[in-house]
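# Secondary and tertiary structure notes
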Amino acid sequence: MNPFIEIITQPDNIAIVIMVFMVTFFMVWAFQQAFQNDRLLAAGLPVDGENDRFVDTFKPLVRIELIIAIVVMVGLTIWSIAVDAPLEEIANPTITPNPAKAPWYFLGLQELLVYFDPWLAGVVLPSLIVVGLLAIPYIDINPKGNGYYTFSERKYAVIIFSFGFFVLWLLLIVIGVFFRGPGWLWYWPWQEWDHSRVVFEPTRDLTALIGIDSRSLPGFIIGALVVGSYMVGGMIAPYRYWKKNNPELLTQLGMVRYVTIVFLFITMMAIPIKMVLRLVFLIKYVWITPWFSV
Amino acid sequence: MKSLNDITGSVKKNLIWKSIFRRDYRNTVRDRAQAVFGNVFLHLHPVQVRESAVKLRFTWGMGGITFFAFIILVITGVVLMFYYHPSIDQAYTDIKDLEFQVPFGVILRNLHRWGAHFMVIVVMIHMFRVFMTGSYKAPRQFNWGIGVILLVMTFLLSFTGYLTPWDQLGFWAITVGTNMGAATPLLGYQGPFSEYLHITPYNDVRFALLGGAQVGGNALLRSYIWHCVAIPLFATILMFVHFWRVRKDGGISKPQK
């Protein structure tokens, strides 16, 4: 059988196929409503739902809840009749499957292990995702776009969230499920998984590019300078930009909010940057210290 | 020959019926309100809601679907518990029994597993909807936070359930997952700076998660208790708060300009 068909029809992976369709559908629906409201806003008209009347809970709302419940129940029942949950061999600590994959919703994080050490990919970054999500209502001080779909009134918020959600979270999950095979190597859908395949990809550290051993003291200092200037420069650059173009925004944000937003943003952007460094320039570490490596 | 109305009329006059349904329903404003606040399950709702709450295009019903998925999982989960022992000698054969011995055992397990995948999917879409409508903005900031914790709870519920069949899939998924705990800065034995706290494989975060230095009987018991008791309890309490705050913060969000 075609390897791609084989992978997407594995019982557990059917859920991911369903997820891809559902997420795409709701993404399109959300943005379609956002653009529709944007046109209404531009024309000075009330947005969808602004002139809502009140309706009785019993029965209009109760009715629709019942219908949804029945549809979900029927859907899940059909799914459960059609596809059987997998049960593999009994657990055996002496036989390691290759690849050993985490549950599908954590595969984005497992994919990050290619680019970061486990303390970052498995602990610090996931914690920062949760912290960042919790922080959203307190750092987004834009009063507009409250209670209706819109893009034009909150472009940055929507773009940043969508990038994190669709690319860094969902796309990486899809890659981890469908494109990673034995040895966590990349397999295209038309490629057969090959357990004896070895890819010799000599990675190097950033300072090796200029001929300095990354584990030497000069290598350590240069690495520290690169990481430090990314963090400090990333902290200062938006400040200077806004100071010049939108000083009012800085006053409204205040110091704590500004630092939180920029820290979360540059940390998030460090992920695609490190991915490019690793995939294009074959760089493993930017900075090596005796305690940890970045 | 009695008509249908006569029969329903006499049923409704019956003492037992009257003790259950305290008043007749006449489709008046008062009775429609009474139907909601006189019912313990429906009184979660206000008596009247904004049209947006009824139109699918605004909420997509995603929060409600997530809650419904949770209910399905609790019910199928409780039934599964009747057939399951959380010990490494019996867990796997119990699942095999579900497959070959228990009536409808296969479909029961399938419903629980697919329901779990489904809940993870819809809870993420719910978060996306709430973000896209800006519904986390004042006065709903706190409830967004509760929602984020509930999202994490959903992941953890699914994750802890992964090990319970005690097959290769679950065993290695949990091994991969909990190995991350060993990399925790300061508190995991492979994590940065842990040597200063004298952290070893026998006293770190991973050990606490697994109840041992590797995935074994204790890990199975721990994941079972987390999965069936501790996290559902905690998540249920948070759901109370979540739903309560939806009401207290003014119901389904409406355009505020």
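Note that the structure is a prediction, hence the values are computed from the model and not measured.

### Looking at the overall build of chain A
The helix and strand inventory of chain A stands at 8 helices and 1 strand. Listed N to C, the secondary structure of chain A is α-α-β-α-α-α-α-α-α in terms of helices and strands. At 24 Å, chain A has a C-alpha radius of gyration far larger than the 19 Å of a compact globule built from 294 residues. With respect to the three principal axes, the spread of C-alpha positions in chain A is 70 × 60 × 30 Å. Expressed as a percentage of its 294 residues, the buried residues of chain A come to 44%. For chain A, restricting intrachain contacts to residue pairs at least 6 apart in sequence, the fraction spanning at least 24 positions comes to 66%. Accessible surface, chain A: about 15700 Å² in total, of which carbon and sulfur atoms supply 70%. When the 19 positive and 21 negative side-chain charges of chain A are each reduced to one mean point, those points stand 11 Å apart.

### Brief notes about the interface of chain B and chain A
Note on interface size: it is often stated as the accessible area lost on association of the parts. Residue-level contacts link 88 residues of chain B with 95 residues of chain A. For the pair chain B and chain A, the summed buried area comes to about 8700 Å², and 70% of that belongs to carbon and sulfur atoms. For the pair chain B and chain A, the interface holds 7 salt bridges. We note a salt bridge from Asp-140 of chain A to Lys-137 of chain B, for which the minimum N-O separation is 3.6 Å. Across the chain B-chain A interface, the total number found is 47 residue pairs in polar contact (both at pLDDT 80 or more). If you tally residues by element for the side of chain B that touches chain A, the top one is helix 8 (residues 105–132) of chain B, at 20 residues. Residues of the side of chain B that touches chain A, tallied by class, amount to 57 nonpolar, 16 polar and 15 charged. With 3 bridges connecting them, strand 1 (residues 54–56) of chain A and strand 1 (residues 48–50) of chain B associate as antiparallel partners. Following the sheet pairing, Val-55 of chain A is matched in strand 1 of chain B by Val-49 of chain B.

### Focus: the domain arrangement of chain A
Residues and elements named next belong to chain A. Under the domain assignment used here, chain A contains domain 1 (1–42 + 96–193) and domain 2 (200–294). The C-alpha-based centres of domain 1 and domain 2 are spaced at 23 Å. In this assembly, 19 residues from domain 1 lie in contact with 22 residues from domain 2. Both faces combined, the contact of domain 1 with domain 2 buries some 1800 Å², and carbon together with sulfur accounts for 82% of it. Sorting the residues of domain 1 by area buried against domain 2 places Tyr-115, Ile-139 and Ile-141 first, and these three jointly supply 33% of that buried surface. At the surface where domain 1 touches domain 2, the tally comes to 0 salt bridges. Summed over the shared surface of domain 1 and domain 2, the number is 3 residue pairs in polar contact (both at pLDDT 80 or more).

Each value, and the rule that gives it
Residues numbered from 1 in each chain as written. Chains lettered and ligands numbered in written order. Predicted model: local features only at pLDDT ≥ 70, side-chain atom pairs only at ≥ 80, totals over all residues. Heavy atoms only, no water. Helix = DSSP H or I, 4+ residues; strand = E, 2+ residues; numbered from the N terminus. Rg over C-alpha atoms; globule rule 2.2 N^0.38 Å. Buried < 20%, exposed > 50% of the residue type's maximum accessible area, 1.4 Å probe, protein only. Contact = heavy atoms within 4.5 Å. Areas by Shrake-Rupley, 256 points an atom, 1.4 Å probe, with all protein chains shown as cover. Lys, Arg positive; Asp, Glu negative; His and termini not counted. Charge placed at Lys NZ, Arg CZ, Asp CG, Glu CD. Buried area = accessible area lost by both parts, 1.4 Å probe. Salt bridge = Lys/Arg side-chain N within 4 Å of Asp/Glu carboxyl O. Polar contact = N/O pair within 3.5 Å; in protein donor to acceptor, adjacent residues only side chain to side chain. Nonpolar A, V, L, I, M, F, W, Y, C, P; charged D, E, K, R; others polar. Pairing = 2+ DSSP bridges. Domains from an automatic or database assignment.

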